[in-house]
Amino acid sequence: MTLKILTTITGNLVTCLRRSTRNCKPVASFTLTVPGTPLARFYSQPLSHNEVKVPVENLNLVTSLEEMGVDLTAFRKIDAILLKKATTHEKTLKQFLLHKGADAKMVASIISRYPRAITRQYEVLDEMWNIWKEILGTDETVLSVAQRSPESFFRTSNTENLLKNICYFQSLGLPSRILSQLMLRAPRTFANSIDLNKQHVKHLLGLCSQLGGKNPREFLREVLSKNIFILTKSVSRVQSNIECMKTLMNLDDHALLLWIQDNGAPILNLSYTYFESNFKGVHSVLESLGCTEAEISLFIFTYPKVLLMTPKVFETKVNSLLECGGGVKEILNNPNLLVMQIKTLKSKIKMLTECGYDFQSSGLSVLLLSQAKLTSKVERLHNSESLN
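Conventions adopted
Residues numbered from 1 in each chain as written. Predicted model: local features only at pLDDT ≥ 70, side-chain atom pairs only at ≥ 80, totals over all residues. Heavy atoms only, no water. Helix = DSSP H or I, 4+ residues; strand = E, 2+ residues; numbered from the N terminus. Polar contact = N/O pair within 3.5 Å; in protein donor to acceptor, adjacent residues only side chain to side chain. Buried < 20%, exposed > 50% of the residue type's maximum accessible area, 1.4 Å probe, protein only. Lys, Arg positive; Asp, Glu negative; His and termini not counted. Salt bridge = Lys/Arg side-chain N within 4 Å of Asp/Glu carboxyl O. Contact = heavy atoms within 4.5 Å. Core = buried A, V, L, I, M, F, W, Y, C linked by side-chain atoms within 4.5 Å. pLDDT = per-residue confidence, 0-100. Expected span 1.5 Å × (residues − 1). Phe/Tyr/Trp six-rings, centres within 6.5 Å; stacked < 30°, edge-to-face > 60°.

Turning our eyes to something else, we now look at the environment of serine 149. Following the sequence through the fold, serine 149 ends up in the loop between α7 (139-148) and α8 (150-154). Measuring from C-alpha to C-alpha, the distance between serine 149 and arginine 188 comes to 8.2 Å, with 39 residues separating the pair along the chain. Only 2.5 Å separates the side chain of serine 149 from the side chain of serine 152, close enough to count as a polar contact.

Set out below in structure tokens:
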């Protein structure tokens with residue numbers, strides 16, 4: 001019915017227009033709208049901003065990845081646009097990694113966590129692999145890096161930059177042990193541009209001179225051997241931590257230099273706020289237990305890993321040791337007691353308490369035994385009790 005009405009009205013309108021044209025009289029303009037009928041849009045009309053056509057996903061690629069066991073939800077979250085590419089190399093990547101010793105599950109995991117790996121051609125993969133293998137020694141070791149940190153290995157196809165970084169670190173006199181550890185544990189270092197790595201190294205060398213050090217390259221080697229991740233952190237973060245260390249711990253330049261290139265090196269990775277919060281947390285707990293400023297400073301200086309714990313974790317561990325009968329002095333002299341996870345620490349304390357172990361008279365060092373040795377000791381204590 002609507003179509004019939006529209007046809008009749010349109011016909012009358014055309015007739016009216018023809019008559020108007022013959023008599024040269026203007027016709028009043030009006031807009032015709034038929035209820036319930038959407039206005040037609042000519043194809044020449046441009047699409048609105050929200051109607052821009054987006055390429056659909058490459059169905060062949062999606063199917064191929066599904067068959068490989070790739071987590072497409074994770075893939076889309078990281079790089080959804082990649083699924084719309086017409087040409088990728090996921091099958092080549094799979095065959096390459098299988099040939100190097102990977103299994104299908106490992107390949108799927110690598111692609112799920114770093115989708116851009118499927119854009120690498122065989123020639124690039126082979127060249128990069130051989131360069132890494134020359135430093136790390138075996139396919140198995142290189143594969144472990146690619147599995148643990150796919151972004152580091154597959155992030156770039158720039159083999160020239162990789163070779164430049166390797167040559168640069170070798171020119172600094174870094175022993176092969178440190179170079180291998182950099183590639184194995186902190187491979188992102190080699191994904192950095194050569195200029196960025198030079199900037200990091202320049203800062204560390206300058207820091208040594210600034211603090212009165214006489215051998216900047218030896219200082220660099222010492223720091224890297226204690227903190228292999230330092231070159232993946234921003235210069236500003238490292239500098240902020242150094243200034244924070246000096247202020248909060250009241251260290252002179254010489255003491256700070258020694259601390260940074262030894263036990264304090266791992267702390268350089270922390271953010272400024274995290275370092276400050278943890279330091280104040282440790283200081284507050286120990287101060288409340290009657291420790292002097294000198295004792296607190298010495299404890300943190302000799303065992304800076306305590307600053308890797310949040311204030312809550314540190315306080316919980318200390319309280320657990322005190323509640324079972326340990327003393328503050330003993331805790332300060334045996335900082336490795338604080339290395340254990342809270343759950344493990346409490347479990348060991350419970351095992352020993354239940355068999356009558358007296359921490360106050362016998363000490364806390366028993367908690368440092370391995371689980372197997374501790375279980376054996378607990379059995380002997382139970383046997384001893386039964387004999388009595």
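Past the structure itself, the notes keep going.
Here we come to the side chain of lysine 348. Relative to the helices and strands, lysine 348 resides in helix α20 (residues 342-354). Despite its burial, lysine 348 pairs with no opposite charge, the nearest such side chain being glutamate 330 at 14 Å. Here leucine 367 takes part through its backbone oxygen, which lies 3.1 Å from a polar atom of the side chain of lysine 348. Leaving out residues up to four positions away in the same chain, lysine 348 has contacts with Met340, Leu367, Leu369, Gln371 and Leu374.

Our next topic: the nonpolar core. Leu97, Phe154, Val306, Phe314 and Leu367 are the most contacted members of the largest nonpolar core, which has 107 residues in total. For this core, the element with the highest residue contribution is helix α6 (residues 122-136), accounting for seven residues. If we skip the residues at most four places from it in the chain, leucine 367 touches Leu321, Leu337, Met340, Leu345, Lys348, Ile349, Leu352 and Phe359.

Let's shift gears to the confidence of the model for the protein chain. A residue-level look at the protein chain finds 85% of positions with pLDDT of 70 or above and a mean pLDDT of 84. Counting contacts from residues 1-45, a segment whose pLDDT is below 50, to residues more than four positions away or on other chains yields 12 contacts.

This part takes up helix α16 (residues 272-288). Relative to the 24 Å expected for 17 residues at 1.5 Å per residue, α16 spans 24 Å between its end C-alpha atoms, a close match to the ideal helical length. Among the residues of α16, Phe275, Asn278, Phe279, Gly281, Val282, His283, Val285 and Leu286 are the ones counted as buried. Among the structural elements, α14 (235-248), α17 (293-302), α18 (311-323) and α19 (328-333) are those in contact with the buried residues of α16. Just beyond α16, the residue with positive phi is glycine 290, at close to 95 degrees.

Before going further, it helps to examine unusual backbone geometry. Phi is positive for asparagine 250, which is not a glycine, with a value near 55 degrees. With respect to the helices and strands, the residue asparagine 250 is situated in the loop between α14 and α15 (253-260).

This part covers the packing of aromatic side chains. By the definition in use, this model includes 12 aromatic pairs. Arranged with centres 5.3 Å apart and planes meeting at 65 degrees, the rings of tryptophan 132 and phenylalanine 153 form a pair that is edge-to-face. You can see tryptophan 132 sitting in helix α6 and its partner phenylalanine 153 sitting in helix α8, a full 21 residues away along the chain. The class for phenylalanine 153 is buried, based on a relative accessible area of 2%. Relative to phenylalanine 190, the ring of phenylalanine 169 has its centre 5.6 Å away and its plane inclined at 75 degrees; by these criteria the two rings are edge-to-face. Placement of the pair is phenylalanine 169 in helix α9 (residues 159-171) and phenylalanine 190 in helix α11 (residues 188-191), with a sequence separation of 21 residues.

What follows covers the pattern of salt bridges. By the definition in use, this model includes 10 salt bridges. Here aspartate 79 makes a salt bridge to arginine 116, at a shortest N to O gap of 3.0 Å. One end of the pair, aspartate 79, is in helix α3 (residues 72-79); the other, arginine 116, is in the loop between α5 (104-113) and α6, with 37 residues separating them in the sequence. Shared partners join several salt bridges into a network, and the residues in it are Glu222, Lys226 and Asp262.

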